[in-house]
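# Understanding the architecture of this molecule
The lines below spell out each chain.
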Amino acid sequence: MIVLGIETTCDETACSVVRSGREILSNVISSQIGLHKAYGGVYPELASRSHVDTLIPIIDLSLKEACITKDDVDLIAVSRAPGLIGSIAIGLNAAKALSMSWEIPFVGVNHVEAHIYAAMMGLEKLPTFPALGVVLSGGHTFIVKIHDLGKYTLLSTTVDDAIGEAFDKVASLLDLPYPGGPEIEALAEKGSISKFPFKSGYVKEHPLYFSFSGIKTNVLYALKGPNSTRNSPNLILEEDKPHIAASFQHAVFMDVITKTLQAAELHGCNEVFLGGGVTQSRTLRQLFAEKSPSHIKLHYPQAGLSLDNGAMIAGLGYHVFQEKKVSDSLDLEALPRLPL
Ligand code: KG4
Ligand code: ZN
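These figures come from a predicted structure and were not determined experimentally.

Moving on, we come to the coordination of the zinc ion (ligand 2). Surrounding the zinc ion (ligand 2) are the protein donor atoms H111 (NE2), H115 (NE2) and D308 (OD), which sit 2.0 to 2.1 Å from the metal. Ordering the donors of the zinc ion (ligand 2) by residue number gives the pattern H-x3-H-x192-D. One end of the pair, H115, is in helix α4 (residues 111–118); the other, D308, is in the loop between β10 (297–299) and α10 (311–324), with 193 residues separating them in the sequence. Exposure remark for H115: the relative accessible area of 1% places this residue in the buried category.

With that settled, the discussion passes to the site of ligand 1. Around ligand 1 there are 22 residues in total, and G139, D168, E185, G277 and D308 lie nearest to it. Here an oxygen atom of ligand 1 sits 3.2 Å away from a polar atom, N or O, in the side chain of S137. Interatomic distance of 3.2 Å between a backbone N/O atom of G138 and an oxygen atom of ligand 1. In the complex, 94% of the free accessible area of ligand 1, which totals 560 Å², lies under the protein chains. Those elements that provide at least two residues to the shell around ligand 1 are α4, α5 (163–173) and α6 (180–188).

Spatial strand order, β8-β7-β6-β9-β10: five strands in an open sheet with mixed pairing. Each end of this open sheet is capped by a strand with a single partner; those strands are β8 (151–157) and β10. On average, adjacent strands in this sheet sit at an angle of 25° to one another, irrespective of strand direction. As paired strands, strand β6 (residues 131–136) and strand β7 (residues 141–148) are joined by six bridges and run antiparallel to one another.

Note on soluble globular proteins: their nonpolar side chains tend to be buried together. By size, the foremost hydrophobic cluster in this structure holds 48 residues, and its most contacted members are F198, F248 and F288. Those elements giving two or more residues to this core turn out to be β6, α5, α6, α7 (213–224), α8 (241–266), β9 (271–275) and α9 (282–291). Residues contacting F288, with those up to four places away along its chain left out, are V256, I257, T260, L261, L274, L298 and Y300. F129, V144, L149 and F273 belong to the second-largest nonpolar core, a separate cluster that totals 31 residues.

It is worth spelling out the environment of C15 at this point. Along the chain, C15 falls in strand β2 (residues 12–19). Judged by its relative accessible area of 0%, C15 falls in the buried class. Sequence separation between C15 and V28 is 13 residues; the distance between their C-alpha atoms is 5.4 Å. If sequence neighbours within four positions are ignored, C15 has contacts with G5, I6, N27, V28, L55, I58, I59, S62 and G310.

Bringing unusual backbone geometry into the picture now. For the peptide bond that leads from A81 to P82, omega is -15°, which places it in the cis range. Relative to the elements of secondary structure, P82 occurs in the loop between β4 (75–81) and α3 (85–102). With an omega of 10°, the peptide bond between F129 and P130 qualifies as cis. Residue placement: P130 occurs in the loop between α4 and β6. Although it is not a glycine, K325 sits at a positive phi angle of roughly 65°. Counting through the fold element by element, K325 comes out in the segment after α10. Exposure remark for K325: the relative accessible area of 60% places this residue in the exposed category.

Basis of the calculations
Residues numbered from 1 in each chain as written. Chains lettered and ligands numbered in written order. Predicted model: local features only at pLDDT ≥ 70, side-chain atom pairs only at ≥ 80, totals over all residues. Heavy atoms only, no water. Donors = N, O, S within 2.8 Å, 3.2 Å for Na, K, Ca; no water. Helix = DSSP H or I, 4+ residues; strand = E, 2+ residues; numbered from the N terminus. Buried < 20%, exposed > 50% of the residue type's maximum accessible area, 1.4 Å probe, protein only. Near = heavy atom within 4 Å. Polar contact = N/O pair within 3.5 Å; in protein donor to acceptor, adjacent residues only side chain to side chain. Areas by Shrake-Rupley, 256 points an atom, 1.4 Å probe, with all protein chains shown as cover. Pairing = 2+ DSSP bridges. Axes fitted to C-alpha atoms, helices over the stretch in contact; angles between N-to-C directions. Core = buried A, V, L, I, M, F, W, Y, C linked by side-chain atoms within 4.5 Å. Contact = heavy atoms within 4.5 Å.

If you want it as structure tokens, here you go:
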């Protein structure tokens, strides 16, 4: 079965052709980073407009790169939640229109679930469940127990900022460009992890949950003094910035690693599937490998599948369709949030 995957939940217009859930024939990603850089984050209205301009050419290119025509496509899979509602609507409506005109079914999939599935795409067959899923991205922070594809129990999320968002905001405080994660990682290489005693948040009622707003304020005060605001002048020396980046990054990653390993232990999961833009970080992967006991197996997405992409949507869409066997209805709505 050949599936065309469409992804437009945030600032990437992405389309991919995937055979039978895992063989990637093309994976085309058009990033809008340049468009949003000036705003230090994603500007939703600009994102939607850009998807309108870019989506059809990207679909064409994904078919061309896969060396197929529209007649070879059996199914369309599209992200229908969660994300920026205007942006999702562009991809979803395109999927519905193509489904009608090509006379093939379409299915809407959960973008967060697809980030977890991305780490399974390199495997010969689906893993044995239960397993743990961890999504660390610009908009999402989740730890879930995976009972099966489509069946999850939420174990942890953030009570404030998403992890990637915290990286982007701290990068902006350090005068680094958007997206901030890779910039902080590069700067941190020249810094010490122990110069600033930052600590990631603890959520009393839910010990596995995350909170990143406190550590963000710690960084602000370290840079500009107690009770300062975003626009206050910097007090620290330029050469201290790498230490701030390294201490912040280490504290956040250790928090993620500790809570993930606790969740794995508590729920008897030996395999962990990680996805989302933050899992691109070499520092995170190295630290995770160092801290994990030998019975825990960590799985990451292949190159090009950590950030938003259409391949994970097409891949998951294949399994969703195997299960439900019918097209979604043309009434299917785009949703900004969707519980797993
Ligand atoms: O998965 P993604 O495209 O976003 C959503 O679907 O929401 O991930 C983008 C996020 C950005 O916040 C970016 O700063 C972060 O991933 N990121 C990183 C790294 N590379 C990307 N964060 C920390 N370290 C990195 N090396
Ligand atoms: Zn994403």
